[in-house]
Amino acid sequence: MNAQHTAAAPAETPVTVLGLGLMGSALAGALLDQGHPTTVWNRTPHKAKPLADRGAHPAATPGDAVAASGLVLACVLDHDALRTVLDPVAEAGGLAGKALVNLTSGAPEQAVEMAAWAASHGAGYLDGGIMTTPPGVGNPEMMFLYSGDAEVFATHRPTLAALGDPLHLGTEPGLASLYDAALLGLMWATFTGWLHGTALVTSEGTTATDFTRVALRWLTGAVSGFVTTYAPQVDAGRYPGDDATVDVQIAAIGHLVHAAHARGLDTSLPELLKATMERASARGHGSDSYASVIEVLRGAAHR
């Protein structure tokens, strides 16, 4: 009789998490939930206790924390704080051979600087953007953006998937930070446009909940279709006005300004949008699609 052998399940990747604020604690918690041996460190050690109670291994020093794992996630206050934590470790050779994934918020230029610094100390580097709040960490529908070393990403993608859907944007280290800023700008503009519309319709007794049901259908249907159509126009630098031209949009937004003013609402947002459209028209884009407004937004650098 032939003996049958059952292969052992592969061990989950050990991970270190530096920084245990709300987001850092959520990152460590998601890794623990997926069975990863997780070492944690925080400047104030008491923040590690809830995670230690769930099976995490608190480290006494950043050096001990980095030494515990080949994959190190950092989520601290800012890049200055990160360097304060990691400079002594790097000078002692502790980063050599490690994969450093920096989830600390910062500017694209700081990401480029950190990538060069990590390389100078023998570490692979990914910069990251977390496109959710702490309660969303661990949800596979939430995006985590990464840029930098493609090999580091490929190696550790299965582990990073414990946090959310990992998207590698390219090898330029600053891309994740740049996307993060752009997507937050989109979010705030959408929030504010929705709130202005809500203020308008609730002035007549409609509830925000009722309006939002219609607004979401508009956003996910027609508006997403417009954006999908406009993206290749922007890439090509040609803006055929075969749906609605900038001049038509200027006339239409005038009705929004009037309706808001008549109801005593703040008109600064639609006035700003109208003025931007008028600048595009004055530059010769009146008969072009709304996508041509990007030529105004790009400013002098693209003239």
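To be clear, the structure that these remarks concern was listed above.
Just so you know, these numbers come straight off a predicted model, no measurement behind them. (Residues numbered from 1 in each chain as written. Predicted model: local features only at pLDDT ≥ 70, side-chain atom pairs only at ≥ 80, totals over all residues. Heavy atoms only, no water.)

Colleague: In this structure, what is going on with helix α4 (residues 79–91)? I would like to understand it.
Modeller: Two residues of an α-helix separated by three or four positions point the same way, owing to the 3.6 residues in each turn. Taking 1.5 Å per residue as the helical rise, α4 with its 13 residues ought to reach 18 Å, and the 17 Å between its terminal C-alpha atoms agrees with that figure. Listed as buried for α4 are H79, L82, V85, L86, V89 and A90. For α4, the N-terminal cap is D78; the gap from its side-chain oxygen to the backbone nitrogen of D80 is 3.3 Å. Note on α4: the residue one or two positions beyond its end, G93, has a positive phi of about 85°. (Helix = DSSP H or I, 4+ residues; strand = E, 2+ residues; numbered from the N terminus. Expected span 1.5 Å × (residues − 1). Buried < 20%, exposed > 50% of the residue type's maximum accessible area, 1.4 Å probe, protein only. Polar contact = N/O pair within 3.5 Å; in protein donor to acceptor, adjacent residues only side chain to side chain.)

Colleague: Explain the nonpolar core to me, please; I cannot follow it from the model alone.
Modeller: Across soluble globular proteins, you tend to see nonpolar side chains buried next to one another. Counting 30 residues, the largest nonpolar core has L27, V40, L73, L103, Y146 and L163 as the members making the most contacts within it. When residues of this core are traced back to their parent elements, those giving at least two are β1 (15–18), α1 (22–33), β4 (71–74), β5 (99–102), β6 (124–130), β7 (143–148) and α6 (150–160). Looking at this core, the element that brings in the most residues is α1, giving seven residues. Excluding residues that lie within four positions of it along the chain, V40 makes contacts with V17, L20, A28, A48, L51, A56, H57, P58 and A59. Residues L18, V66, W117 and A118 belong to the second largest nonpolar core, which totals 21 residues. (Core = buried A, V, L, I, M, F, W, Y, C linked by side-chain atoms within 4.5 Å. Contact = heavy atoms within 4.5 Å.)

Colleague: Whenever I open this one, the sheet that holds strand β8 (residues 165–168) confuses me. Can you help?
Modeller: In sheet architecture, strand pairing relies on hydrogen bonds along the backbone and comes in two forms, parallel and antiparallel. Read across the open sheet, the eight strands follow the order β3-β2-β1-β4-β5-β6-β7-β8; overall the sheet is mixed. Each of the sheet's edge strands pairs with one partner strand only, and the pair in question is β3 (57–58) and β8. (Pairing = 2+ DSSP bridges.)

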